[in-house]
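Spelled out, the chains give:
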Amino acid sequence: MQERWVSYIYRYKDNKRWENAGYIKVIRTSREGVDEAKVDIGLKLYKPFVCSCKLYFIYEQRELILLDEVLVPSEQKDTISVTKVIPWKGFGKEELTPKDYDGVFFAVDDGDTLMSLWKEKDINISELSVGEKSPKVGLIPIPEYLKMTEKSDSVEEQREEPESQPKESLIESLINSSVKLPTFIDSPFFECVKIVPQDIGRLPIGNWKLGQNSFLTHGYYRYRYIMLGKIKVKNRNQDTYVIGVPGVYTNKEKYLANMFGFSLFVPVKNEETKTGNFGYWVWEIVKE
């Protein structure tokens, strides 16, 4: 293979190539006597709201090595251009060059998967694994890895939560250590704090999938916080813990929220829900 090549990116469904979604161009260059690889990517990803896309080199048809991570703007109709300059030799694995890898795998946090291969190979996406820094963790299957929060380096911390610790205390601990949000007198919410998507990894494991929920990520990048707090629910003897994605109520937003599991909108003030209300799309926290 020459030290300059172009490879097409394809979207995959059910482990089968489905449609063209862009290109990758790799060029070996030299700067001040040091060999580098310039990786130019043109990616077509139209998403209704902001998403995160991780780029990995594929090694020996199985192992994924992180190359970069990019944010995909909402309703992006134009080709997304990404340029990455890396050492020609030794990136990811000692003595390897980009041409020694099989290609690049793209993992979007809404579950979309794409791949660009230098040579035709039979790669099963479900068998791809991400290498972690800790030798204790080893390789994590990609379907499981994509469900984790962005705190991938804190996998060991999440696993080492004391089993004897009451699950509810994890929630209270996060509330007590976070920045408080102002509370309206007539608001149904109380004890509310600001959190970020990475904090979801500190909640009971049943909530971790929210860390990669694209609607939640979209709300965070728009308002720069996610709400964690309590809400009073009729016909219940105790208060309910919720995560709230801030937003303004519209029919379009309701449609998108429902797609990603946020079916209930609650205004910050105790009033009837109507277009233009500010409030939160809420998700009841799983306590175990």
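Note that the structure is a prediction, hence the values are computed from the model and not measured.

Reading the values: the criteria
Residues numbered from 1 in each chain as written. Predicted model: local features only at pLDDT ≥ 70, side-chain atom pairs only at ≥ 80, totals over all residues. Heavy atoms only, no water. Helix = DSSP H or I, 4+ residues; strand = E, 2+ residues; numbered from the N terminus. Buried < 20%, exposed > 50% of the residue type's maximum accessible area, 1.4 Å probe, protein only. Contact = heavy atoms within 4.5 Å. Areas by Shrake-Rupley, 256 points an atom, 1.4 Å probe, with all protein chains shown as cover. Pairing = 2+ DSSP bridges.

Considering the overall build of the protein
Broken down by element type, the protein carries five helices and 16 strands. Here the protein holds 288 residues, and the buried ones make up 48% of them. Contacts spanning at least 24 positions in sequence make up 59% of the contacts within the protein whose residues lie at least 6 apart. Accessible area of the protein: about 15,500 Å², with a carbon and sulfur share of 47%.

Remarks on the pairing of strand 1 (residues 4–13)
On a regular strand, one side chain projects to one face of the sheet and the next to the other, so that they alternate. Strand direction decides the pairing type here: strand 1 and strand 2 (residues 16–31), joined by 10 bridges, are antiparallel. Pairing of Arg4 across the sheet is with Ile27, part of strand 2. Here strand 1 folds back onto strand 2 in antiparallel fashion, the turn holding two residues, of which Asp14 has a positive phi close to 55°. Looking at chain direction, strand 1 and strand 8 (residues 113–117) are connected through three bridges and run antiparallel. Across the sheet, residue Arg11 finds its bridge partner in strand 8, namely Leu114.

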